[in-house]
2 protein chains.
Amino acid sequence: ASAGVIAAAEARDAQLTKPPGALGRLEELAIWYAGWRGTARPTIEAPQIVIFAGNHGVAARGVSAFPPEVTVQMVANFEAGGAAINQLARAFGASMAVVALDLERPTADFTDAPAMTEAEVLAALQAGWSAVAEDADVFIAGEMGIGNTTSAAALAAALLGGTGADWAGRGTGLDTAGVALKAGVVDAGLAHHADHLADPIEALRRLGGRELAAMTGAILAARMARVPVILDGFIACSAAAVLARAAPGALDHAIAGHLSAEGAHARLLAALDKVPLLDLGLRLGEGSGAATALAVLKAAVACHSGMATFAEAGVSDG
Amino acid sequence: ASAGVIAAAEARDAQLTKPPGALGRLEELAIWYAGWRGTARPTIEAPQIVIFAGNHGVAARGVSAFPPEVTVQMVANFEAGGAAINQLARAFGASMAVVALDLERPTADFTDAPAMTEAEVLAALQAGWSAVAEDADVFIAGEMGIGNTTSAAALAAALLGGTGADWAGRGTGLDTAGVALKAGVVDAGLAHHADHLADPIEALRRLGGRELAAMTGAILAARMARVPVILDGFIACSAAAVLARAAPGALDHAIAGHLSAEGAHARLLAALDKVPLLDLGLRLGEGSGAATALAVLKAAVACHSGMATFAEAGVSDG
């Protein structure tokens, strides 16, 4: 982000018709957004939401409350406009697209093999990279993939330390026994790949999934294009953590949209040093929390760029 | 709210293409909204924001960081579209109007007289009552009035107990000495009117202001018309507390939009038994926190009423 633009945005903020700081976090958001967009008075015209969908070999271990065929069924629901994310995209003026990644070919079960080959993880990273629109001014990566909180938990543990019990949560609705089983599956994956997890991309290949890798690629592409990102929940943040581990500051262009009800999301956000904008008990995925947070970013930018200054409005500035 | 409609909305919620409860608080919000609107599949078409402006005799006591003429200047700014609330209303599709209440005639200084005569408080209540549009489907009352956090603090203390120190905060930007002075002004008002504060409307007349009374009237009118209300910050909640004290359940049609950075707002929300939707450090007033929360309510209703059911989408429901 450009220091000159940030200083200009801060100067504008100080002149707007409000007591200093009275818009709280909205002021910080607008200045951050201005810095990444390279203009002190930015607008949001083309927010983009892309849902990446993948299937997981590890789903065969019984780690989800839903059967694997739900992934392809939900892709059809996204395409037909019937999912939660479709309604949120429409409500807040974002484009929405779904990228289905080889759904007929699930990843390998990571408890006894790498989830993806090198060619597969590269293809998935590339699919994410290519999905970011040239003219996007905010990017949200969402996901769908039965079994993917298990994959995300294993990846988070590999990147950030801890065991299955630290990172496995209820996902779409596991009971306590289901969570314990899931934690055991994560631990089995961590044990199987123990000697190969130091490199973040290799951890992604071995424990992640195609939609996780695509999210990693998309968030990186957004960084290169200076497109601000709103991170969604546990799975999106696990994919983002790959970049954070690969290069310090790699997520400076990203904010945390919300705190998910998925148990370990708070721990993951703390590791990424991100404070979530919303805390509404969401645990749906699909980018739904980030899409709701898009409204908050829109509020921030609308105020920052649309308000009159004290001089323009003829208001005494205290 | 109708029990039959609520049950129908809950039944719809249970069939939507998401794991049960995965939209967290958005689900509760949509069901609450459906109940007040009297339909299991409601929409938000006509959200209404009205800013009530008043001037306060107590401002002469030096309780604000801004001079009293800012009230009328900001009314002009609202009318010209330059304030924060104008940008938020535009961003989220709400109508916005400002009602200036006898600005040239401030209320009396409540430290030595009732702030309003009986005729004045009735006129202000009536102005608020009349401001709620017949076709509004969400209502937000905002305010502007230099000195009005002092009035709101005194009113909150009268309604809910405690002293000036419990309820006085930084307002538009007082320093510690300023807050202490303000707390003393509140205590002086409480002492002067001590024998006349048991009736909530009488407390409003003696310690409130025209814009506070108008908010009270508007929130009551919305209740009668079954229009859901999003409460803004400290001042709006103090005005709403008059109704809560007058009749149990009088605020069942209202949700707390946000937790303000004004010190005593958390205490006030707790007394009203309301959990705020947002916590973004706002302390501007104008209805700005509630208007930002409108986006969250829109998200909730859009998902609830727009999503496909499992049967419609052909998705396995676990």
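Described in the following lines is the structure provided in the data block. (Residues numbered from 1 in each chain as written. Chains lettered and ligands numbered in written order. Predicted model: local features only at pLDDT ≥ 70, side-chain atom pairs only at ≥ 80, totals over all residues. Heavy atoms only, no water.)

A short note on a nonpolar patch on the surface
Worth spelling out the cut-off: For patch detection, residues must exceed 30% relative accessible area and be free of salt bridges, and they are connected within 9 Å for like charges or within 5 Å for nonpolar side chains (Val, Leu, Ile, Met, Phe, Trp, Tyr). The protein chains shown are the only cover counted for residues, whose accessible areas, like all others here, come from Shrake-Rupley with a 1.4 Å probe. The rule for a salt bridge is simple: a side-chain nitrogen of Lys or Arg has to be within 4 Å of a carboxyl oxygen of Asp or Glu. Helix and strand definitions here come from DSSP, where helices need a minimum of 4 consecutive H or I residues and strands a minimum of 2 consecutive E residues; each element is numbered from the N-terminal end.
Taken together, the side chains of Trp129(A), Leu220(A) and Met224(A) make up a nonpolar region of the molecular surface, amounting to roughly 290 Å² of accessible area. Within the secondary structure layout, Leu220(A) lies in helix H10 (residues 210–224).

Focus on the relation of the copies chain B and chain A
Between the two copies of the chain lies a rotation about an axis combined with a shift along it. The test is simple: Superposing the copies works by least squares over the C-alpha atoms of residues that have pLDDT at least 70 in both of them. Pairs of residues are marked as contacts when any of their non-hydrogen atoms sit within 4.5 Å.
In the superposition of chain B on chain A (RMSD 0.0 Å, axial shift 0.0 Å), the rotation amounts to 180 degrees. The transformation relating the two chain copies, once decomposed into turn and shift, fits a two-fold axis. Both copies share a contact surface, since 98% of the interface residues of chain B are interface residues in chain A too.

Focus: the state of the cysteines
Keep this limit in mind: The term disulfide is used for any two cysteine sulfur atoms that are within 2.5 Å. Burial classification: accessible surface area is computed with a 1.4 Å probe over protein chains only, and a residue below 20% of its type maximum counts as buried, one above 50% as exposed, and the rest as partly exposed.
For the coordinates displayed, the defined rule picks out zero disulfides over all chains. Of all cysteine sulfurs in the structure, the one in Cys237(B) sits closest to Cys303(A), which takes part in no disulfide; the separation is 19 Å. Here Cys303(A) falls in the buried class, since its relative accessible area comes to 1%.

Quick word on the interface of chain B and chain A
Selection rule: Two parts placed together each lose some accessible area under a 1.4 Å probe, and adding up what both lose gives the buried area. What qualifies as a polar contact is a pair of N or O atoms within 3.5 Å, subject to a donor-acceptor requirement within protein and to the restriction that residues adjacent in sequence count only when both atoms come from side chains. Amino acid classes used here: Ala, Val, Leu, Ile, Met, Phe, Trp, Tyr, Cys and Pro are nonpolar; Asp, Glu, Lys and Arg are charged; the rest, including Gly, are polar.
Listed by partner, the interface residues are 51 residues for chain B and 50 residues for chain A. Summing both partners gives a buried area of about 3,800 Å² for chain B against chain A, and 70% of it is carried by carbon and sulfur. For the interface between chain B and chain A, the tally reads 16 residue pairs in polar contact (both at pLDDT 80 or more). Those elements that provide at least two residues to the side of chain B that touches chain A are helix H2 (25–37), helix H3 (70–80), helix H4 (84–91), helix H13 (288–306) and helix H14 (310–313) of chain B. Top contributing element to the side of chain B that touches chain A by residue count: H13(B), with eight residues. For the side of chain B that touches chain A, the per-class residue count stands at 30 nonpolar, 15 polar and six charged.

Describing unusual backbone geometry
With phi around 45 degrees, Asp102(A) is a residue other than glycine that occupies positive phi space. Mapped onto the elements, Asp102(A) comes out in the loop between strand S2 (95–100) and helix H5 (118–131). Overall, the relative accessible area of 32% leaves Asp102(A) in the partly exposed class. We note that Glu286(B) has phi near 65 degrees; this positive angle belongs to a residue other than glycine. Within the secondary structure, Glu286(B) is located in the loop between helix H12 (265–272) and H13. Its relative accessible area of 2% is what places Glu286(B) among the buried residues.

Section: the nonpolar core
To be explicit about the condition: Throughout this description, the term nonpolar core refers to a set of buried Ala, Val, Leu, Ile, Met, Phe, Trp, Tyr and Cys residues connected via side-chain atoms within 4.5 Å. For the domain bounds, the source is a domain assignment made automatically or taken from a database.
Counting residues in hydrophobic clusters, the biggest one holds 104 residues, and the most contacted among them are Ile230(A), Leu297(A), Ile230(B) and Leu297(B). Both domain 1 (3–41 + 304–313) and domain 2 (47–296) of chain B contribute no fewer than three residues apiece to this core.

Some remarks on the packing of aromatic side chains
As a reminder, the rule being used: Pairing of aromatic rings covers Phe, Tyr and Trp, the last counted by its six-membered ring, and requires centre-to-centre distances within 6.5 Å; plane angles under 30 degrees mean stacked, over 60 mean edge-to-face, and any other angle means tilted. The criterion for a charge sitting over a ring is simple: Lys NZ or Arg CZ within 6 Å of the ring centre, and within 35 degrees of the ring normal.
Following the criterion strictly, the structure yields zero aromatic pairs over all chains and no others. For the cation-ring pair, Arg267(A) lies above Trp167(A), with the distance from its terminal atom to the ring centre recorded as 5.0 Å.

Focus: the pairing of strand S3 (residues 138–144) of chain A
Residue and element names in this part refer to chain A. Cut-off, in case you're wondering: Strands are treated as partners if at least two bridges between them are detected by DSSP.
The buried fraction of S3 amounts to seven of the seven residues, a majority that puts the element mostly inside the structure. Neither face of S3 is exposed, since Val138, Ile140, Gly142 and Met144 on one face and Phe139, Ala141 and Glu143 on the opposite face are all buried. Bridge analysis of strand S1 (residues 47–53) against S3 gives seven bridges, and the strand direction is parallel. Its bridge partner lying in S3, Val50 is registered against Ala141.

Re the packing of helix H1 (residues 3–15) of chain A against helix H2 (residues 25–37) of chain A
Residue and element names in this part refer to chain A. Convention followed: Orientation is described by axes fitted as lines to C-alpha atoms, over the contacting stretch for helices, and by angles from 0 to 180 degrees between their N-to-C directions. A clockwise turn of the near helix away from the far one marks a right-handed crossing, whereas an anticlockwise turn of less than a right angle marks a left-handed crossing.
Look at H1 against H2: their axes get within 8 Å of each other, and the N-to-C directions meet at 145 degrees. As H1 packs across H2, the resulting crossing turns out to be right-handed. Taken together, the residues of H2 that come into contact with H1 (itself represented by Val5, Ile6, Ala9, Glu10 and Asp13) are Glu27, Ile31, Ala34 and Gly35. When grouped by side-chain class, the residues that make up the contact of H1 with H2 number five nonpolar, one polar and three charged.

Here's the deal with the pattern of salt bridges
Residues and elements named next belong to chain A. Tallied over the entire structure, the rule returns 22 salt bridges over all chains. The partner of Arg210 in a salt bridge is Glu120, with the nearest N and O atoms 3.4 Å apart. Here Glu120 lies in helix H5 and Arg210 lies in helix H10, a separation of 90 residues in the sequence. Accessibility classification places Arg210 together with Glu120 in one group, the buried group. Through salt bridges with shared partners, one network takes in Asp102, Arg105, Glu120 and Arg210.

Let's talk about the environment of Arg12(A)
Structurally, Arg12(A) is set in helix H1. When near neighbours in sequence (up to four residues on either side) are disregarded, Arg12(A) contacts Ala40(A), Arg41(A), His304(A), Ser305(A), Gly306(A), Met307(A) and Thr309(A).

Details of helix H6 (residues 148–160) of chain A
Residue and element names in this part refer to chain A. Short version of the rule: Multiplying one less than the number of residues by 1.5 Å gives the expected span of a helix.
For H6, with 13 residues, the first-to-last C-alpha span of 18 Å sits near the 18 Å given by 1.5 Å per residue. Residues of H6 that are buried sit in contact with S3, helix H7 (164–167), helix H8 (176–192), helix H9 (200–207), H10 and helix H11 (234–246). Immediately downstream of H6, the backbone of Gly161 shows phi near 90 degrees, a positive value.

Digging into the side chain of Arg206(B)
Residues and elements named next belong to chain B. By the element assignment, Arg206 lies in helix H9 (residues 200–207). Judged by its relative accessible area of 11%, Arg206 falls in the buried class. Apart from residues lying up to four places away in sequence, Arg206 is in contact with Phe110, Ala113, Pro114, Ala115, His193, His196 and Leu197.

Things to note about helix H4 (residues 84–91) of chain A
Among the eight residues of H4(A), six are classified as buried, and the element is accordingly described as predominantly covered. Within H4(A), the full set of buried residues consists of Ala84(A), Ile85(A), Asn86(A), Gln87(A), Leu88(A) and Ala89(A). Buried residues belonging to H4(A) abut S1, helix H3 (69–80), S2 and helix H13 (288–306) of chain A together with H13 of chain B. One or two steps after H4(A), the chain reaches Gly93(A), where phi turns positive at roughly 70 degrees.

Scope: geometric values only; no functional claims are made or implied.
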